[in-house]
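# Fold and geometry: a report
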Amino acid sequence: MNKQNGFTLIELVVVIIILGILAVTAAPKFINLQSDARESALQGMKGAIQGGNGLVYARAAIEGEEKRVKGYWTGDAEVADSVKGGVDIGTGTKAKTNFGYLQGLQAELENAIDVSFNVGTSATDNTLDTNNGADWIIFVDSGVATIWQTGAPTECRFTYTESAPNGAVPVFSSMPTASSC
């Protein structure tokens, strides 16, 4: 009689049960990767704005323009020696600052951090007013820019508030958690 080698039914069932337990414990880690990625991308955008702001402020200080209010800037053409079109940050387009920091405007943020934005209809709605095919959406209202990633839930966003009249540094809202993204 030939002896056959193989797994018994009991051994197969035990292996399947172990694999099922591993899948149940590991699946939530993999499911949450998209939320973690969105949160990380949002943190990266905040870091890009902070870094850009530091460089813009340094350049404004070098040029002696760090105390200028946003109403000072008249355009790219120089009207007089005392009125410039903005702070030269090396991008080919001068940055119009507010107390040396970036204004909370789409054009200023795009210029300083080399990003393109779609334009949202409001700070709390994901509907687009203008679709530029960009990965990021911005809504600006009175110096407050709300920024979020295209396709992200409505809670997965942050705000950038330009510097205040007293020359305080710009303010960022608290960042959402991964579960919000």
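Refer to the structure above for everything that follows.
Below: a short report on this structure. (Residues numbered from 1 in each chain as written. Predicted model: local features only at pLDDT ≥ 70, side-chain atom pairs only at ≥ 80, totals over all residues. Heavy atoms only, no water.)

It is worth spelling out the packing of aromatic side chains at this point. A full pass over the atoms with the stated rule returns 3 aromatic pairs. Relative to Phe-172, the ring of Phe-158 lies with its centre 6.1 Å away and its plane at 40 degrees, an arrangement referred to as tilted. Here Phe-172 lies in strand 8 (residues 171-172) and Phe-158 lies in strand 7 (residues 157-161), a separation of 14 residues in the sequence. According to the relative accessible area criterion, Phe-172 is buried, its value standing at 17%. Their ring planes at 55 degrees and their centres at 5.3 Å tell us that Tyr-160 and Phe-172 sit as a pair that is tilted. Within this pair, whereas Tyr-160 is found in strand 7, its partner Phe-172 is found in strand 8, the two being separated by 12 residues in sequence. The pair formed by Tyr-160 and Phe-172 is uniform in burial state, with each residue classed as buried. By the ring-pair criterion, three or more aromatic residues cluster together here, those being Phe-158, Tyr-160 and Phe-172. The ring of Tyr-72 has Arg-68 sitting right over it, with the charged end atom 4.0 Å from the ring centre. (Phe/Tyr/Trp six-rings, centres within 6.5 Å; stacked < 30°, edge-to-face > 60°. Helix = DSSP H or I, 4+ residues; strand = E, 2+ residues; numbered from the N terminus. Buried < 20%, exposed > 50% of the residue type's maximum accessible area, 1.4 Å probe, protein only. Lys NZ or Arg CZ within 6 Å of the ring centre and 35° of its normal.)

We now examine the environment of Gly-47. Mapped onto the elements of the fold, Gly-47 is located in helix 2 (residues 33-62). Each C-alpha atom, one on Gly-47 and one on Ile-113, is 10 Å from the other, the two residues being 66 residues apart in sequence.

A complete count under the given rule lists 1 disulfide for this structure. Sulfur-sulfur distance for the disulfide between Cys-156 and Cys-181 comes to 2.0 Å. Classification of the bridge connecting Cys-156 and Cys-181 rests on its S-S torsion, roughly 85 degrees, and on that basis the disulfide is right-handed. Here Cys-181 lies in the segment after strand 8 and Cys-156 lies in the loop between strand 6 (144-149) and strand 7, a separation of 25 residues in the sequence. (Disulfide = S-S within 2.5 Å.)

Worth remembering: the numbers are spatial, not functional.
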